[in-house]
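Observations on the model geometry
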Amino acid sequence: QVQLVESGGGLVQPGGSLRLSCAVSGSIFRIYDMGWYRQAPGKQRESVATITRSDITNYADSVKGRFTISRDSAKNTVSLQMNSLKPEDTAVYYCNAVVYDLMNGRRDYWGQGTQVTVSS
């Protein structure tokens, strides 16, 4: 069984910073793409940032220049450094990983979500 556990959410003032982390554990053979998604109340889940095994990154236009995604393949972790946060960044943030595990083959896995609230 593969599990994704997120940490680092919370309440921050506009202009502040937060760092989200996600650890992948279980019967992992290989991790492919990893990423962060978010869902605000009343809106669909959207991609925030993704990173490939070769560290090629992709960002939503709304976060370019403010957010940075990184991964540590040795530790099976992915992080999202969020700077210059805006109230519109408020959402539940979900970690995602495409994992080849020994039980199920290649599958998409999600974390439980962590709340990020940007407010004064």
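This structure is a prediction, so every number in the text was calculated from the model and none was measured.

Here we come to the pattern of salt bridges. Taken as a whole and assessed by the stated rule, the structure comprises four salt bridges. Here glutamate 46 makes a salt bridge to arginine 38, at a shortest N to O gap of 2.7 Å. Classification of glutamate 46 by relative accessible area gives partly exposed; the value is 36%. Between aspartate 89 and arginine 38 there is a salt bridge; the shortest N-O distance is 3.0 Å. Of this pair, aspartate 89 sits in the loop between strand S8 (77-82) and strand S9 (91-101) while arginine 38 sits in strand S4 (residues 28-39), and the two are 51 residues apart along the sequence. The pair aspartate 89 / arginine 38 is uniform in exposure class, with both members buried. Here the salt bridges share partners, and the residues they tie into one network are Arg38, Glu46, Arg66 and Asp89.

Moving on, we get to the nonpolar core. Of all hydrophobic cores here, the largest spans 31 residues; its most connected members are Trp36, Leu80, Met82 and Tyr93. When contributions to this core are tallied by element, the ones reaching two or more residues are strand S1 (2-7), strand S3 (18-26), S4, strand S5 (46-51), strand S7 (67-72), S8, S9 and strand S11 (114-118). Those residues in contact with methionine 82 that sit more than four places away from it in its chain are Gly16, Ser17, Leu18, Leu20, Arg66, Phe67, Tyr93 and Val116.

Time to look at the packing of aromatic side chains. A full pass over the atoms with the stated rule returns two aromatic pairs. Pairing phenylalanine 29 with tyrosine 100 gives two aromatic rings, centres 5.8 Å apart and planes at 65 degrees, and the pair type is edge-to-face. Taken together, the positions of phenylalanine 29 in strand S4 and tyrosine 100 in strand S9 put the pair 71 residues apart, joining distant regions of the chain. The interplanar angle of 70 degrees and the centroid separation of 5.0 Å between the aromatic rings of tyrosine 37 and tryptophan 110 together place this pair among those described as edge-to-face. Remark: tryptophan 110 occurs in strand S10 (residues 105-110) and tyrosine 37 occurs in strand S4; sequence separation between them is 73 residues.

A word on the side chain of serine 79. Along the chain, the position of serine 79 falls in strand S8. When residues no more than four places from it in sequence are discounted, the contact partners of serine 79 are Arg19, Leu20, Ser21, Trp36, Thr68, Ile69 and Ser70.

Moving on to the environment of tyrosine 109. Relative to the helices and strands, tyrosine 109 is located in strand S10. With a relative accessible area of 8%, tyrosine 109 lands in the buried category. Setting aside chain neighbours within four positions, we find tyrosine 109 in contact with Val2, Leu4, Cys95, Asn96, Ala97, Val99, Asp101 and Asn104. A distance of 2.6 Å separates the side chain of tyrosine 109 from the side chain of aspartate 101, its partner in a polar contact.

The rules behind each value
- Residues numbered from 1 in each chain as written.
- Predicted model: local features only at pLDDT ≥ 70, side-chain atom pairs only at ≥ 80, totals over all residues.
- Heavy atoms only, no water.
- Salt bridge = Lys/Arg side-chain N within 4 Å of Asp/Glu carboxyl O.
- Buried < 20%, exposed > 50% of the residue type's maximum accessible area, 1.4 Å probe, protein only.
- Helix = DSSP H or I, 4+ residues; strand = E, 2+ residues; numbered from the N terminus.
- Core = buried A, V, L, I, M, F, W, Y, C linked by side-chain atoms within 4.5 Å.
- Contact = heavy atoms within 4.5 Å.
- Phe/Tyr/Trp six-rings, centres within 6.5 Å; stacked < 30°, edge-to-face > 60°.
- Polar contact = N/O pair within 3.5 Å; in protein donor to acceptor, adjacent residues only side chain to side chain.

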